[in-house]
Each structure stands twice: as structure tokens, then as C-alpha cells.
Amino acid sequence: MAMAMASLACVLFAVLVGSMQVVVLASTSSQKHLDEHTDFNPDVQRIVVNGQMWQEFTAHWQSELVALDVFMGTTEACTPSTGTLRILDGSPEDKKTVYKDTDQDLYSQHIQTSCTNPSCVQASIGLECSSWETFILDKPLPVNKGQRLTFVLQKIRPAQPEHFDRRITMGASPSSENFGGDSSLPRGKTETRYAQYTFRTWLGSERPADDVIHGTNPPDQRTSGQQVDGDRVGATGIVVPIVVVSLAILVVMFIVRQRRKHRRSRLHVGDTSLSDLRTKFTEQDELDGGRGVGATLTSRRHPIQVREKNYIVDDSGSTTTWADVTPAGSVSNLAWGSSSGETHV
């Protein structure tokens with residue numbers, strides 16, 4: 001049992017060490033640092049025509065693009081949607097064919113929105129409800145300092161067929177020379193100010209000290225060096241439960257082992273005591289000629305004297321210690337129990 005517990009403890013320790021190493025690597029790779037981002041106003045939302053859009057952005061230092069945030073949703077009420085995310089190298093060469101695969105394509109993956117904590121505004125067509133959606137790249141995309149890129153969202157539609165009549169919405173931000181860039185956002189005489197979509201880009205390494213990121217902070221004032229949102233879990237959330245469960249298993253095993261040991265000890269003590277007691281009685285019997293402690297406890301009996309009703313006690317000095325009833329009403333002393341062997345009438 002002790003060897004088994006020691007082996008299990010070694011296995012659990014190895015599992016803990018391996019888990020911590022995996023978590024540390026995952027935690028290191030999931031770090032994200034804010035790069036390009038536009039101003040945010042939850043009250044400014046626009047309809048995305050045909051469920052597709054594109055937006056230019058710039059990488060401000062050499063790193064890897066690990067995630068992209070977009071403020072988007074649907075009309076009536078925010079409904080989870082699905083679609084495709086593509087990332088192009090540079091600005092779209094042909095805005096008419098931007099939604100087709102081209103030699104500019106660097107990356108593509110399927111996406112799905114969650115509509116967590118949406119913000120709704122009343123528009124002329126009804127409610128427009130959007131929330132921040134984080135799209136984590138399945139494989140980080142290497143980028144160079146100053147590289148111009150374009151992200152494309154297309155084939156965006158509600159995930160449930162009963163919501164297909166709802167239209168896709170997206171936040172709009174003011175145009176600026178310092179961040180963002182050209183986009184597919186329609187521009188009219190009354191919409192010249194909001195010329196790009198509301199988004200944030202995240203890089204996998206920290207910004208060098210000599211580089212400056214232009215633009216304003218996102219609405220929740222998040223800074224660089226935080227974990228990527230989504231399904232990835234921090235090191236504490238993984239290691240702590242593993243440690244607790246492992247310790248609980250070891251404690252239970254120790255308690256079970258102690259109880260079994262105590263139970264075996266009690267059985268051993270009980271058997272030994274009974275054996276010693278029997279041995280002691282046997283030895284004492286031999287010393288006492290068969291009438292020792294053992295005989296007293298197990299086999300010795302007091303003599304029984306049986307007399308007739310009209311029996312007359314003899315004063316001659318003889319002693320009757322064992323008797324038997326004889327015919328004709330007399331009492332006969334047994335030779336074993338009588339000192340004189342006499343017969344009384």
C-alpha cells in the first residue's frame with residue numbers, strides 16, 4: 001500500500017509539473033497588446049449591407065496579429081451570428097472583388113459572435129443592438145512595423161434561421177489620419193464624419209519603448225499585456241483546481257490506509273490476547289493438577305450432597321461429602337468423597 005501511494009504521488013507530481021508547463025506556455029502565447037483602434041461611441045451604429053464589410057488598419061511594430069475586436073450585432077435584438085474573417089495584405093486593389101479570394105489573402109477563418117452585454121440604440125428602422133466581439137486568430141499572423149492590412153467580414157448572418165430577417169449592425173467611428181483607414185462604410189453628405197468601423201487590433205508582443213501608438217484608448221480603458229479574451233483560461237484557473245483535487249486524493253488515500261492499518265491492528269491484538277489467555281489457563285491447569293485456573297473456569301464443579309428427608313446426622317466424626325440415593329431409603333457415601341466409607345441408616 002505504501003509503495004502504491006508513493007507511486008501515485010509521483011505520478012500526480014509529474015502531472016502537475018506538466019500541466020504548469022503547458023499553462024505557462026499557453027499563457028505566454030495568449031498575451032495580447034493593444035495596437036490599432038478607433039474611437040468608440042455605442043450610440044453610433046450602422047447597417048452592414050449584405051452582411052459584408054472591410055476595414056483597413058496598420059501594424060505599428062513588428063510582431064504577430066493575435067486577435068481582432070469588432071463592435072457588431074443585429075437589428076431588433078442582438079443575435080449570435082456566423083461568418084468568415086479574412087485578412088488581406090495592403091489596401092483592397094479592387095473594391096468590387098474584395099469579397100472574393102485574391103492573391104492579397106494572408107489569412108481566413110470561420111467566426112461566430114456571442115452578443116455579450118449588447119448596447120441598443122433606437123434608429124429609424126428600429127433597434128440596432130451591438131456588442132464587442134473578439135475574434136482570436138487560430139494561428140497568429142506575422143506583421144511588420146508599418147504594414148498596411150485590411151480585415152474583411154463576409155457572409156455574416158444570424159446563426160438561427162428564425163432570425164434571418166434581422167440585419168447585421170456595426171459601430172461607426174470618426175475618420176482620422178492617425179488610426180484606422182479606408183473602409184466600406186457608406187459615406188453620404190450627413191455621414192462624412194463617421195467614415196470607418198469601430199474595431200481594435202491586438203499584437204502578440206509588447207510595443208517597443210521607442211514606438212508610439214496613435215489613437216485613443218478603447219471604452220473599457222484596457223491596456224497592453226492582458227490575456228486574450230474567449231475560451232482560453234489563465235494559469236491560475238487551471239493549476240489551482242488540479243492542485244486541490246490532487247491534494248484531496250492524497251488525503252483520502254492516507255485516511256483509508258490509516259483505517260485499514262488500525263483495523264488490522266485491532267484484529268491482531270484481539271487474536272493474540274485470546275491465544276495468550278488460553279495458553280495461560282492450560283499452563284495453570286498443569287501446575288494445579290488439572291484443577292487450576294483453567295479447571296476453575298471451565299471444568300471444576302462443587303460436590304452435590306443428596307440426603308433423605310429423615311436423615312440423621314452422625315456425630316462420630318465421619319464426614320460425608322458425596323452421596324447417592326440407594327434403595328430401601330439408605331444413603332451410601334461414595335469412596336471418593338467419604339473419609340470413613342461408613343453407611344448410615
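Residues numbered from 1 in each chain as written. Predicted model: local features only at pLDDT ≥ 70, side-chain atom pairs only at ≥ 80, totals over all residues. Heavy atoms only, no water.

## Some thoughts on the confidence of the model for the chain
In the predicted model, the chain carries a mean pLDDT of 74, and the fraction of residues at 70 or more is 57%. When the criterion is pLDDT under 50, residues 21–29 qualifies, and its contacts beyond four places in sequence or with other chains add up to 6 contacts. pLDDT under 50 marks residues 213–235. Its contacts with residues more than four places away, or in other chains, come to 58 contacts. (pLDDT = per-residue confidence, 0-100. Contact = heavy atoms within 4.5 Å.)

## So, a positive patch on the surface
Among the surface-exposed residues, Arg259, Arg260, Lys261, Arg263 and Arg264 lie close enough to one another that they form a single positively charged patch. Here Lys261 lies in helix H2 (residues 235–287). Lys261 gets classed as partly exposed once you look at its relative accessible area, which sits at 48%. (Patch = residues over 30% accessible without salt bridge, like charges linked within 9 Å, V, L, I, M, F, W, Y side chains within 5 Å. Areas by Shrake-Rupley, 256 points an atom, 1.4 Å probe, with all protein chains shown as cover. Salt bridge = Lys/Arg side-chain N within 4 Å of Asp/Glu carboxyl O. Lys, Arg positive; Asp, Glu negative; His and termini not counted. Charge placed at Lys NZ, Arg CZ, Asp CG, Glu CD. Helix = DSSP H or I, 4+ residues; strand = E, 2+ residues; numbered from the N terminus. Buried < 20%, exposed > 50% of the residue type's maximum accessible area, 1.4 Å probe, protein only.)

## Concerning the state of the cysteines
Summed over the entire model, instances satisfying the criterion amount to 2 disulfides. Here Cys78 pairs with Cys115 through a disulfide, and the sulfurs are 2.1 Å apart. A torsion of -80 degrees about the S-S bond marks the disulfide between Cys78 and Cys115 as left-handed. You can see Cys78 sitting in the loop between strand S4 (63–75) and strand S5 (81–89) and its partner Cys115 sitting in the loop between strand S6 (105–112) and strand S7 (119–123), a full 37 residues away along the chain. (Disulfide = S-S within 2.5 Å.)

## Digging into the environment of Trp61
As for its placement among the helices and strands, Trp61 is situated in the loop between strand S3 (53–58) and S4. Each C-alpha atom, one on Trp61 and one on Asp35, is 8.6 Å from the other, the two residues being 26 residues apart in sequence. Side-chain polar atoms of Trp61 contact the backbone oxygen of Ser205, separated by 3.2 Å. (Polar contact = N/O pair within 3.5 Å; in protein donor to acceptor, adjacent residues only side chain to side chain.)

## Comments concerning the pattern of salt bridges
Scanning the model with the defined rule gives 5 salt bridges in all. With a shortest N-O distance of 3.1 Å, Arg148 and Glu56 are connected by a salt bridge. With Arg148 in strand S9 (residues 148–158) and Glu56 in strand S3, this pair connects stretches of sequence that are 92 residues apart. Put simply, Glu76 and Arg166 hold a salt bridge, and the shortest N to O gap is 3.6 Å. Linking Glu76 in the loop between S4 and S5 with Arg166 in the loop between S9 and strand S10 (168–174), this pair joins segments that are 90 residues apart in sequence. For Glu76, a relative accessible area of 44% corresponds to the partly exposed category. One connected set of salt bridges, linked through shared partners, spans Arg86, Asp101 and Asp105.

## Some words on the pairing of strand S1 (residues 31–37)
Burial analysis of S1 places 7 of its 7 residues in the buried class, the great majority of the element. Of the strand pairs in this sheet, S1 and strand S12 (residues 199–203) are connected by 3 bridges, and their pairing is antiparallel. Directly across from His33, in S12, lies its bridge partner Leu203. (Pairing = 2+ DSSP bridges.)

## What to know about the side chain of Thr201
With respect to the secondary-structure elements, Thr201 resides in strand S12. Setting aside residues no more than four positions away along its own chain, Thr201 makes contact with His33, Leu34, Asp35, Glu36, Phe57, Leu65, Ala67 and Leu68.

## A closer look at the sheet that holds S3
Each strand in a sheet pairs with another by means of backbone hydrogen bonds, the pair being arranged parallel or else antiparallel. Read from one edge to the other, the open sheet built from 4 strands follows the order S3-S9-S5-S6, with strand pairing classed as antiparallel. Both outer strands of the open sheet, S3 and S6, are each paired with one neighbouring strand and no more. Across the sheet, the mean angle separating the axes of adjacent strands is 20 degrees when strand polarity is ignored. Across 8 bridges, S5 lies against S9 in antiparallel orientation. (Axes fitted to C-alpha atoms, helices over the stretch in contact; angles between N-to-C directions.)

## Things to note about the pairing of S4
For S4, the tally of buried residues reaches 12 of 13 residues, placing the bulk of the element in the interior. Across 12 bridges, S4 lies against strand S8 (residues 126–143) in antiparallel orientation. Note on S8: the bridge partner recorded for Phe71 is Trp132. Where S4 lies against S12, 5 bridges are found, and the strand directions are antiparallel. Residue pairing for S12: Leu68 is matched across the bridge by Thr201. Note that S4 and S10 share 3 bridges and pair antiparallel. The partner of Met72 across the bridge, within S10, is Met170.

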